[in-house]
Amino acid sequence: MKRIGILVSGRGSNFIAIADNIAAGRLHAEISIVISNREGAAAVDAAKERGIRCAVIPSKGKTRESHDQEVILALREAGVELVCLAGYMRLLSPAFINAFPHRILNIHPSLLPAFPGLDAQQQALDYGAKVTGCTVHFVDDQLDHGPIIVQRVVHVMETDDISTLSARILEQEHIAYSEAIAKVLSGDCKIEGRCVRTKQ
Ligand code: GRF
């Protein structure tokens, strides 16, 4: 079974969706560790409840490089082959990205390249977008930027506010992340420039 490591900072609903898909046999992988950079993150309790190994590695007061080194070590000790950022509110240092080349995924609540950065759902509402959604992509050295693996579309309703729109996007995130993990772990995809293609 391929081992994945999940990095979180908060609520952890994407982590829970991945764990549930694994438990239900819909995704063939094993979560070998969940790492939070914040004490008290709800995701930590969710990992403990499920008996999934969990580590809190606080980032506060450390340089990005030294914190990342601790995280890399924990991921390596857990035998992680694929790193999934799931609401991990940290930028990764180049050393981290290089430690897992094309082996780090992130999920973002918009159809990238539209609305990168914080508050992507509010950005879509403010812009008057008629569609938005979510993107799972490989992580590179720029924010919300690497090659796209899976996107799912959500229509913006005239009646939407931030909470209704975010909730519908989140439903799609919970599907998209496991789809993307399965695709990457299958070994069937190759990266050509920005494009993730299925191997022939
Ligand atoms: C999600 O909207 C994800 O796209 C973004 O942060 C949020 C994390 O939510 N990167 P959760 O912690 O997985 O519930």
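J.: Outline the overall build of the chain, supporting the account with residue identities and numerical values.
T.: Counting its secondary structure elements, the chain contains 6 helices and 9 strands. What you see for the chain is a C-alpha radius of gyration of 16 Å, in line with the 16 Å of a compact globule of 200 residues. A principal-axis box enclosing the C-alpha atoms of the chain has dimensions of 50 × 45 × 35 Å. Residue burial in the chain is summarised as follows: out of 200 residues, 49% are buried. Total accessible area on the chain stands at roughly 10,000 Å², and carbon and sulfur atoms take up 52% of it. Between the centroid of the 22 positive side chains of the chain and the centroid of its 23 negative side chains there is a distance of 5 Å.

J.: So what's going on with the environment of tyrosine 177? Residues and values would help.
T.: When you line up the elements, tyrosine 177 lands in helix H6 (residues 162–185). Taking the C-alpha atoms as reference points, tyrosine 177 and isoleucine 18, separated by 159 residues in sequence, lie 7.2 Å from one another. With residues up to four places along the chain from it excluded, the contact list for tyrosine 177 reads Asn14, Ile18, Cys84, Leu85, Ala86, Leu105, Asn106, Ile107 and Val136. Engagement of the side chain of tyrosine 177 in a polar contact is seen with the backbone oxygen of leucine 105, the distance being 3.1 Å.

J.: Any details on the nonpolar core? Residues and values, ideally.
T.: With 36 residues, the main nonpolar core has Ile4, Ile6, Phe15, Ile31, Leu105, Tyr177 and Ile181 as its most contacted residues. Of the residues forming this core, the biggest block, 8 residues, is contributed by H6. Setting aside its immediate chain neighbours within four residues, phenylalanine 15 contacts Ile6, Val8, Ile31, Val34, Ala43, Ala46, Ala47, Ile52 and Ala86. One finds Leu7, Ile57, Val80 and Phe100 within the second-largest nonpolar core, a separate group that totals 21 residues.

J.: Quick rundown of the site of the ligand? Include the residues and the values.
T.: Around the ligand sit Arg11, Gly12, Ser13, Asn14, Gly87, Ile107, His108, Pro109 and Glu173, and those are all the residues in its vicinity. One of the side-chain N or O atoms of arginine 11 is found 2.6 Å from an oxygen atom in the ligand. Here the ligand loses 86% of its free accessible area of 360 Å² to cover by the protein chains. Put simply, the parts of the chain that give the shell around the ligand at least two residues each are helix H1 (13–23) and strand S5 (104–108). Counted by class, the shell around the ligand contains 2 nonpolar, 5 polar and 2 charged residues.

J.: Quick rundown of the pairing of strand S4 (residues 82–85)? Include the residues and the values.
T.: Burial of the side chains of S4 extends over both faces: Leu82 and Cys84 are buried on one face and Val83 and Leu85 on the other. Relative to S4, strand S1 (residues 3–8) runs parallel, the two being bridged by 4 bridges. Opposite isoleucine 6, over in S4, you have cysteine 84 as the bridge partner. Looking at chain direction, S4 and S5 are connected through 3 bridges and run parallel. Pairing of leucine 85 across the sheet is with asparagine 106, part of S5.

J.: Would you mind going over the pattern of salt bridges in detail, with residue names and values included?
T.: Oppositely charged side chains may form a pair once their charged atoms are brought near each other. Taken as a whole, this structure holds 6 salt bridges when the rule is applied. Among the salt bridges present, the one from glutamate 192 reaches arginine 197, with a minimum N-O distance of 2.6 Å. Here the residues in one salt-bridge network are Lys190, Glu192 and Arg197, joined through shared partners.

J.: Help me get a handle on unusual backbone geometry, residues and values and all.
T.: Glycine aside, negative phi is the norm for most residues, and most peptide bonds take the trans geometry. Cis geometry is adopted by the peptide bond preceding proline 113, which originates at leucine 112 and carries an omega value of 15°. On the secondary structure map, proline 113 appears in the loop between S5 and helix H5 (120–127). One non-glycine residue, histidine 102, lies in positive phi territory at about 55°. Topologically, histidine 102 is positioned in the loop between helix H4 (94–99) and S5. Classification of histidine 102 as partly exposed rests on a relative accessible area of 49%. One non-glycine residue, phenylalanine 115, adopts positive backbone phi at about 55°. For phenylalanine 115, the location among the structural elements is in the loop between S5 and H5. Classification of phenylalanine 115 by relative accessible area gives buried; the value is 14%.

Here is what the cut-offs are and how they apply
Residues numbered from 1 in each chain as written. Predicted model: local features only at pLDDT ≥ 70, side-chain atom pairs only at ≥ 80, totals over all residues. Heavy atoms only, no water. Helix = DSSP H or I, 4+ residues; strand = E, 2+ residues; numbered from the N terminus. Rg over C-alpha atoms; globule rule 2.2 N^0.38 Å. Buried < 20%, exposed > 50% of the residue type's maximum accessible area, 1.4 Å probe, protein only. Areas by Shrake-Rupley, 256 points an atom, 1.4 Å probe, with all protein chains shown as cover. Lys, Arg positive; Asp, Glu negative; His and termini not counted. Charge placed at Lys NZ, Arg CZ, Asp CG, Glu CD. Contact = heavy atoms within 4.5 Å. Polar contact = N/O pair within 3.5 Å; in protein donor to acceptor, adjacent residues only side chain to side chain. Core = buried A, V, L, I, M, F, W, Y, C linked by side-chain atoms within 4.5 Å. Near = heavy atom within 4 Å. Nonpolar A, V, L, I, M, F, W, Y, C, P; charged D, E, K, R; others polar. Pairing = 2+ DSSP bridges. Salt bridge = Lys/Arg side-chain N within 4 Å of Asp/Glu carboxyl O.

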